[in-house]
Amino acid sequence: MKYSIILFLYLAFLIPQFAEAQHPVFYHLTEDTGLPDEEFYQVLEDLDGFIWLAANKGLFKYDGKTFELYSHPEQKGLSVFNLRLDNAGRLWYNNISGQFFYIENQQIHLFKDLEESTNGQLSDFYVSDSDIILNTVNGLLAIDRKSKSPQKLFDSKIIPRAIFHQNDSLFFIKNQALNLTTNLKDVSSRTVLDVLLDRKFTHVKIINIPKGKLVYALNSEVRKAPIEVLWYKNDELLHLDVQDYLKDRFIQNAKFLDGKLWFCTDRGLIAFDYISDSFVYNRGFFESKSITDIIVDKFGNYWVTTLEDGIYLMPNLDVLSYNINEAVTAFEVIGESELIYGTKSGSLKRLDINNGSESEILVESGNRIVDVSASNANVFVASGPVSFLYDKYEKRISKIPHYNFAKEITAINDSAVIYTLSNGANITTLNNPKIITLRNKRAYTSFFDSKFKTFYVGFVDGLKQFYTNNESIDILYNGTPIFAIDMTQTDDGIVWVSTFSDGVLGIDDGKVIQVYNTENGLLSNRIMKINSDGNDLWIVSDQGIQGLDIGSKTMQNLTKRDGIVTFNISDIAISETSILVSTNQGILKILKDRNFKPKVTSDFYFSDIKIENKFVPSKTEYVLNSDENKIQFKLSTNGFLAEENLKYFYKLEKKGIEESWSEVTNTSSEIIFDNLASGKYLFSAKSVDLATDFESEIKTTIISILKPFYLRWWFLMLSSLLILLSFYIYFLKRISKIKTKQKANLEKERLERQLASSKLESLQAQMNPHFTFNALNSIQNLVLKGDREQAYSYLTTYADLIRRNLNHSKKTFIDFHDEVETIKRYLELEKLRFRENFEYSILVDTTIGAIEIPAMIIQPFIENAIKHGLLHKTDGLRLLNIEFRIAGVLECIILDNGVGFQISKEINLKNNRPSSFSTQSIREKLEIIRKIYKMDIGFEYEDLEQGTKVTLKIPFNRTL
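The name given to the protein in an unreviewed UniProt entry is Sensor histidine kinase, with Winogradskyella maritima as the source organism.

Scanning the protein for helices and strands turns up nine helices and 77 strands. Within the span of the protein, comprising 960 residues, buried residues form 51% of the whole. Across the protein, contacts joining residues at least 24 apart in sequence account for 51% of those joining residues at least 6 apart. Summed over all atoms, the accessible surface of the protein reaches about 45600 Å², with 49% contributed by carbon and sulfur.

Before going further, it helps to spend a moment on the packing of aromatic side chains. Considering all chains together, one arrives at 45 aromatic pairs under this definition. Ring geometry for Phe 606 against Phe 683: centres 5.9 Å apart, planes inclined by 35°, an arrangement best described as tilted. Within this pair, whereas Phe 606 is found in strand 60 (residues 605-611), its partner Phe 683 is found in strand 67 (residues 679-689), the two being separated by 77 residues in sequence. Assigned by exposure class, Phe 606 and Phe 683 land together as buried. On the basis of an interplanar angle of 70° and a centroid distance of 5.4 Å, the ring pair of Tyr 730 and Phe 731 is categorised as edge-to-face.

Here we come to empty space enclosed by the protein. Using the criterion set out here, one finds four cavities of 30 Å³ or more in the structure. Looking at the second largest cavity, its volume works out to about 50 Å³. For the lining of the second largest cavity, the residue count by class is five nonpolar, three polar and two charged.

Bringing the sheet that holds strand 73 (residues 878-887) into the picture now. Taken in spatial order, the five strands line up as 71-73-74-76-75 in an open sheet, and their pairing is mixed. At either margin of the open sheet sits one strand with a lone partner, and together these are strand 71 (838-844) and strand 75 (938-943). For this sheet the average axis-to-axis angle between neighbouring strands, irrespective of direction, equals 15°. Bridge analysis of strand 71 against strand 73 gives seven bridges, and the strand direction is parallel.

To continue, consider the side chain of Asp 309. Mapped onto the elements of the fold, Asp 309 is located in the loop between strand 29 (302-306) and strand 30 (311-314). Residue contacts for Asp 309: discarding those within four places in its chain leaves His 28, Leu 29, Thr 30, Glu 38 and Lys 289.

Following the criterion strictly, the structure yields 31 salt bridges and no others. We note a salt bridge from Glu 287 to Arg 249, for which the minimum N-O separation is 3.5 Å. You can see Glu 287 sitting in the loop between strand 27 (278-285) and strand 28 (291-296) and its partner Arg 249 sitting in the loop between helix 2 (243-246) and strand 24 (251-257), a full 38 residues away along the chain. A relative accessible area of 10% places Arg 249 in the buried class. Arg 561 serves as the salt-bridge partner of Asp 689, at 2.8 Å between the closest nitrogen and oxygen. In this pair, Asp 689 sits in strand 67 while Arg 561 sits in the loop between strand 56 (554-558) and strand 57 (569-574), placing the two residues 128 residues apart along the sequence. Comparing Asp 689 with Arg 561 shows no difference in burial state: the two are buried. Within the structure, one salt-bridge network assembled from shared partners comprises Asp 800, Arg 803, Arg 804, Asp 818, Glu 821, Lys 824 and Arg 825.

Glancing now at the sheet that holds strand 39 (residues 396-400). By way of backbone hydrogen bonds, the strands of a sheet pair with one another, either parallel or antiparallel. Strand order in the open sheet formed by four strands is 36-37-38-39, with antiparallel pairing between adjacent strands. If you trace the sheet from one side to the other, it starts and ends with strand 36 (371-374) and strand 39, each paired once. If you compare each strand with its neighbour and ignore which way they point, the axes differ by 20° on average. Relative to strand 38 (residues 386-391), strand 37 (residues 378-383) runs antiparallel, the two sharing six bridges. Looking at the pairing, Phe 380 lines up with Leu 389 of strand 38.

Next up on the list: the environment of Thr 846. Structurally, the position occupied by Thr 846 is in the loop between strand 71 and strand 72 (851-854). By relative accessible area, Thr 846 is classed as exposed at 76%.

Below, the discussion takes up a negative patch on the surface. A contiguous patch of negative charge, built from Asp 491, Asp 492, Asp 508 and Asp 509, is present on the exposed surface. By the secondary structure assignment, Asp 491 is in the loop between strand 49 (484-489) and strand 50 (495-499).

Here we come to the nonpolar core. Of all hydrophobic cores here, the largest spans 43 residues; its most connected members are Ile 862, Leu 880 and Phe 884. Top contributing element to this core by residue count: helix 6 (residues 816-834), with eight residues. Contact partners of Ile 862, with chain neighbours within four places excluded, come to Ile 823, Tyr 826, Leu 827, Leu 880, Ile 882 and Ile 894. Ranked by size, the runner-up nonpolar core spans 33 residues in total, among them Ala 55, Val 319, Ile 545 and Phe 567.

Moving on: the packing of helix 5 (residues 788-808) against helix 6. To characterise two packed helices, one gives the angle between the axes of the helices and the distance between these axes. Taken N-terminus to C-terminus, the directions of helix 5 and helix 6 make an angle of 140°; their axes are 9 Å apart at the nearest point. Here helix 5 lies oblique to helix 6, going by the angle between them. Between helix 5 and helix 6 lies a crossing whose hand is left-handed. In this structure, helix 5 uses Tyr 794, Thr 797, Tyr 798, Asp 800, Leu 801, Arg 804, Asn 805 and His 808 to contact helix 6, whose residues at the interface are Asp 818, Glu 819, Glu 821, Thr 822, Arg 825, Tyr 826, Glu 828, Leu 829 and Leu 832. Split into classes, the residues belonging to the contact of helix 5 with helix 6 amount to six nonpolar, four polar and seven charged.

The next point concerns the side chain of His 28. Within the secondary structure layout, His 28 lies in strand 3 (residues 27-29). For His 28, a relative accessible area of 11% puts it in the buried group. At 3.4 Å, the side chain of His 28 and the side chain of Tyr 312 are in polar contact.

For Ser 71, the position within the fold is in the loop between strand 7 (67-70) and strand 8 (81-85). The class of Ser 71 is partly exposed, set by a relative accessible area of 48%. With eleven residues separating them along the chain, Ser 71 and Phe 60 place their C-alpha atoms 9.0 Å apart.

Conventions and cut-offs
Residue numbers run consecutively from 1 along every chain, following the written order of its sequence. Restriction of local features to residues with pLDDT of at least 70 applies here, the model being predicted, together with a cutoff of 80 or more for giving and counting side-chain atom pairs; totals for whole chains, interfaces and linings are based on all residues. Side-chain numbers here rest on the full set of heavy atoms in the structure, without hydrogens or water. Secondary structure follows DSSP: runs of H or I at least 4 residues long count as helices, runs of E at least 2 residues long count as strands, and numbering of each begins at the N terminus. Only protein chains enter the accessibility calculation, which uses a 1.4 Å probe; a residue whose area is less than 20% of its type maximum is buried, one above 50% is exposed, and one in between is partly exposed. Two residues qualify as a contact provided that any one of their heavy atoms is within 4.5 Å of a heavy atom in the partner residue. For accessible areas, the Shrake-Rupley method is used with a probe of radius 1.4 Å. Any residue's cover is judged against the shown protein chains and nothing else. The aromatic pairing rule takes the rings of Phe, Tyr and Trp, using the six-membered ring of Trp, and pairs them if the centres are within 6.5 Å, calling planes under 30 degrees apart stacked, those over 60 edge-to-face and the rest tilted. As defined here, a cavity is a set of points on a 1 Å grid over the protein atoms alone where a 1.4 Å probe fits but cannot get out. A pocket is an open set with protein on both sides within 12 Å along at least five of seven lines, and residues line them when an atom is within 4 Å of a point. Grid points are joined across faces, edges and corners, and a volume is the space filled by probe spheres set on the points. Gly falls in the polar group here, along with every residue not listed as nonpolar (Ala, Val, Leu, Ile, Met, Phe, Trp, Tyr, Cys, Pro) or charged (Asp, Glu, Lys, Arg). If DSSP finds at least two bridges between two strands, the strands pair. Lines fitted to C-alpha atoms define the axes, with helix axes restricted to the stretch in contact, and inter-axis angles between N-to-C directions lie between 0 and 180 degrees. Salt bridges, as used here, are contacts in which a Lys or Arg side-chain nitrogen is within 4 Å of a carboxyl oxygen on Asp or Glu. For patch building, the residue pool is restricted to those with more than 30% relative accessible area and no salt bridge; the joining distance is 9 Å between like charges and 5 Å between nonpolar side chains (Val, Leu, Ile, Met, Phe, Trp, Tyr). Residues scored as positive are Lys and Arg, those scored as negative are Asp and Glu, and His as well as the terminal groups of each chain are ignored. Charge placement uses NZ in Lys and CZ in Arg. For Asp and Glu, CG and CD serve respectively. Definition used in this section: a nonpolar core is a set of buried Ala, Val, Leu, Ile, Met, Phe, Trp, Tyr and Cys residues joined via side-chain atoms within 4.5 Å. Orientation is classified from the angle alone, with under 35 degrees giving roughly parallel, over 145 giving roughly antiparallel, 65 to 115 giving roughly perpendicular, and any other angle giving oblique. Should the near helix be turned counterclockwise from the far one by less than a right angle, the crossing is left-handed, whereas a clockwise turn marks it as right-handed. Nitrogen and oxygen atoms within 3.5 Å of one another constitute a polar contact, given that in protein one can donate a hydrogen and the other can accept it, and given that sequence-neighbouring residues count only through two side-chain atoms.

Below is the structure:
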């Protein structure tokens, strides 16, 4: 799991604490500040810059931002120990249960469980290219790394931790003698020196130091027992004179790091300098803390682990802090080794720069000390509504009324000062109450040029230079006012001004002659404080402290990585040996001769890569589908505060089109590309360290996003073939359809001709000679009888019937009501023929509206009912009833009381008369209509007890 608390966000709460008057600045990492444990046994930095911590709660990896817990599912217990790196960079460790693990490609592997061999005792071990050398209660074992088979090297027990592996050689203590074997597979060994260690020592350790080995021995059962520290070099045994410094301490670890011999004890960390082939006491650190291990990482940070108090991290042993636990608001060096400082609470104190001792100066104020400025004999103190004068030599302080409410004061000599106010800048002297007003305008800072006897004052509207005759000039930069914050002067006479936004300006004879800004080395253009040291400058900005060599125009930087724990700096002062900085957390002392750590640049890497929000391994090239077009890169640099003053830049280029670099501005250092179009891209990234001007090697990744399948060549080719095939099939079907349509048209024409012929036959049937003769004969009888009007009426009816039939024969569909009228004309003539012996009725449903029906369909059925049904009826009244109704289709029901269908058929056969022409003709006509107009049309006959019933089902079209 990852402890997602990002440590650098807590730096504001990591207030330095010190056990001595002076102590290197350190950060104290605890569980309150995101550390995952308080009890640590060992710390190690791997080849990639990751920090590994063996702790009570497990193994943790730190990348400079987060702690990640590493655990194996078969691991017994949480605590791990003995971190080791093999020659391939793999990390090894073990636990009390006898399990040995290694990490490769960020995965934990259980090498071997040796619980039976270790018997519940923590075993020290070393890793060679071929073996694991293991010191157990049963003797010294070599475990083959390939076969994992053990080989016992020595039967006799070796004192715990009393082995040291170097190359293929093994040093160890056996039988109170220092032994050496040069071949791990050869059980023989030679005694190189009789150490003659007393058997009362339970723990002996061997470490590598210059020109030999360091051997120290102690009794873990008696904490205050004597300690033996030996230096084996050139086959000689020397006793190191360090016991006095280690008295009453239990040595938990020892290391030689960075030219120093370090002893980790239960009561602090003790350091000895290696000077001229000897070890000289340097100092002690973290008194009363139980120290378990120490390393120096690649950035020069000292990591110190403890048993109960987390981790202490010292960025720079030469950046010291005095044991002042309050904000220092103003200070001034008043001698070769002494300074005076004031605090936010109103205290005024003298501080010995060398030993850190203090003496308080009693002031009757209680107000914040705003500023102090020293002359040869006096120190002028501004404290809000009160001002004081302090005699450095008499060590006497007195209240004076001369510069109350001053914002800043600058000593001209022992009796005169310039002071700035919210409403102006003045000069006052102690023996003259008269105030010389330079200008009535809000002022911030002032400076007295003792060489040329002029004054510089930074006002709210710009910088002015005043001469002794009270004349003044405006000093401009590029024609605009200079907004000054602080001023100083180098030995060459140049006055240097720190500004709000223009960096540092060098002024000579009222003109700006030199400029330093971010373009030529400054970390920031907002400069807070500045001071000179001969012809060198010390510059304080909101990004760190810089030392500027005016002659070579080179700069060196001190940032939080170097131990400048805060940039809330109120002033900077120079002593003979040190740079002193007052902050809201006390006073920092920076040793001049060794303050800058070697600048180590750390390369960045892609810590997380996501495609469509899924983690993927890092590769130099990705080939992605068209829907995989969201890509995220997270840039990381390992190390504590490694990313301070570090900027990341990137660009994404397509098809060789040159793009400019873009800065990664988000705090998570993530670069997200969303909805990338298909194509081939070159993603490039780099880091730039603003403190060292180091620009990393450019890392590139090729991203190829494939086109959607419908834009790829094979799909386009296949689509083209399919389109051509579709056109081919379409035209085949089109031709077939045209042929079918032509055939259908021909068939339709044939059927229409048949229909026309059928209509003609129907017309002929309706106008057959028998009907015409009977009709005309009936009209003739009326004429002979002298019934002219009725004869005229019937003749008119006959003519109208003939006209209607001729008209209908030209149409396929006719109006239904027109057809009913035609039927009435026909029946009127038939009634004239049968006289009083024939009655008919026509009933039309009132729901039948304006519709059209096929022409000349109904009348033939009525004719058949009369000709074959009613005509053969010899007795009684001949009746014919016709009814029309709508039931999905138009139904026409023809009901007669004639002789019936079957008797009519027998009569026709007996008299050798043909069957009804009209019925057969109608069948054929109806079939033709079905084929042409796709209409379902039909009829059926039903023999009744007396007569026949014919039902026609006729489709229709509504005309409204």
